[in-house]
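# Reading the structure
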Amino acid sequence: MRNSYTFVIDSDRTVHRLLLNGRQIAKFATIEAAQAEANKLASQAVPGTTLRFELDFKWTLTDLEIRAATLEWESGQPAR
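Computed from a predicted structure; not experimentally measured. (Residues numbered from 1 in each chain as written. Predicted model: local features only at pLDDT ≥ 70, side-chain atom pairs only at ≥ 80, totals over all residues. Heavy atoms only, no water.)

### Considering the overall build of the protein
- Across its full length, the protein holds one helix and five strands.
- When the helices and strands of the protein are placed in sequence order, the string is β-β-β-α-β-β.
- For the protein, the spread of C-alpha atoms along the principal axes amounts to about 45 × 20 × 20 Å.
- By residue count, 31% of the 80 residues in the protein fall in the buried class.
- Taking the intrachain contacts of the protein between residues at least 6 apart in sequence as the baseline, contacts between residues at least 24 apart amount to 42%.
- Looking at the protein, you have 10 positive and 10 negative side-chain charges, and the mean spots of the two groups are 3 Å apart. (Helix = DSSP H or I, 4+ residues; strand = E, 2+ residues; numbered from the N terminus. Buried < 20%, exposed > 50% of the residue type's maximum accessible area, 1.4 Å probe, protein only. Contact = heavy atoms within 4.5 Å. Lys, Arg positive; Asp, Glu negative; His and termini not counted. Charge placed at Lys NZ, Arg CZ, Asp CG, Glu CD.)

As structure tokens, this is what we get:
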């Protein structure tokens, strides 16, 4: 059975929102704090996992940035 989690960090000038599978988890003052929390959650699902966030979208007029990372693995298998 395939398991999958999608982590998204939606950032603007003042806040970085961490979403997990489309649901907001928390807001952070820095992108680093949002990434650290996402990695903590991913590591709870699959020990030793580290997420790599990539810039998916940037809108320079409003300083909006969206970064995403996906954690996928087969049950009984380590994450890819």
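That covers the picture; the talk isn't over yet.
### Some remarks on a nonpolar patch on the surface
- Side chains of Phe57, Trp59 and Leu61 sit close together on the surface and give an oily, nonpolar patch of about 340 Å² of accessible area.
- Following the sequence through the fold, tryptophan 59 ends up in strand S4 (residues 54-59). (Patch = residues over 30% accessible without salt bridge, like charges linked within 9 Å, V, L, I, M, F, W, Y side chains within 5 Å. Areas by Shrake-Rupley, 256 points an atom, 1.4 Å probe, with all protein chains shown as cover. Salt bridge = Lys/Arg side-chain N within 4 Å of Asp/Glu carboxyl O.)

### Details of the pairing of strand S3 (residues 23-28)
- The pairing of strand S2 (residues 16-20) with S3 spans five bridges and is classified as antiparallel. Considered in S3, the bridge of leucine 19 is made with glutamine 24.
- Joining the antiparallel neighbours S2 and S3 is a turn of two residues, in which asparagine 21 adopts a positive phi near 50°. (Pairing = 2+ DSSP bridges.)

### Considerations on the pattern of salt bridges
- Under the criterion given, the structure shown has six salt bridges.
- The partner of arginine 17 in a salt bridge is aspartate 10, with the nearest N and O atoms 3.7 Å apart.
- Two residues, arginine 52 and glutamate 54, come together in a salt bridge whose shortest N-O distance is 3.7 Å.
- Taking the relative accessible area as the measure of exposure, glutamate 54 reaches 44% and is therefore partly exposed.

### So, the nonpolar core
- Core analysis: the largest hydrophobic core is formed by 15 residues, its most contacted members being Phe7, Ile9, Leu18, Ala38, Leu51, Phe53 and Leu71.
- Every element with two or more residues in this core is listed here: strand S1 (2-11), S2, helix H1 (31-45) and strand S5 (64-74).
- Element by element, the count of residues in this core is highest for H1, at four residues.
- When residues no more than four places from it in sequence are discounted, the contact partners of phenylalanine 53 are Phe7, Ile9, Gln35, Ala38, Arg67, Ala68 and Ala69. (Core = buried A, V, L, I, M, F, W, Y, C linked by side-chain atoms within 4.5 Å.)

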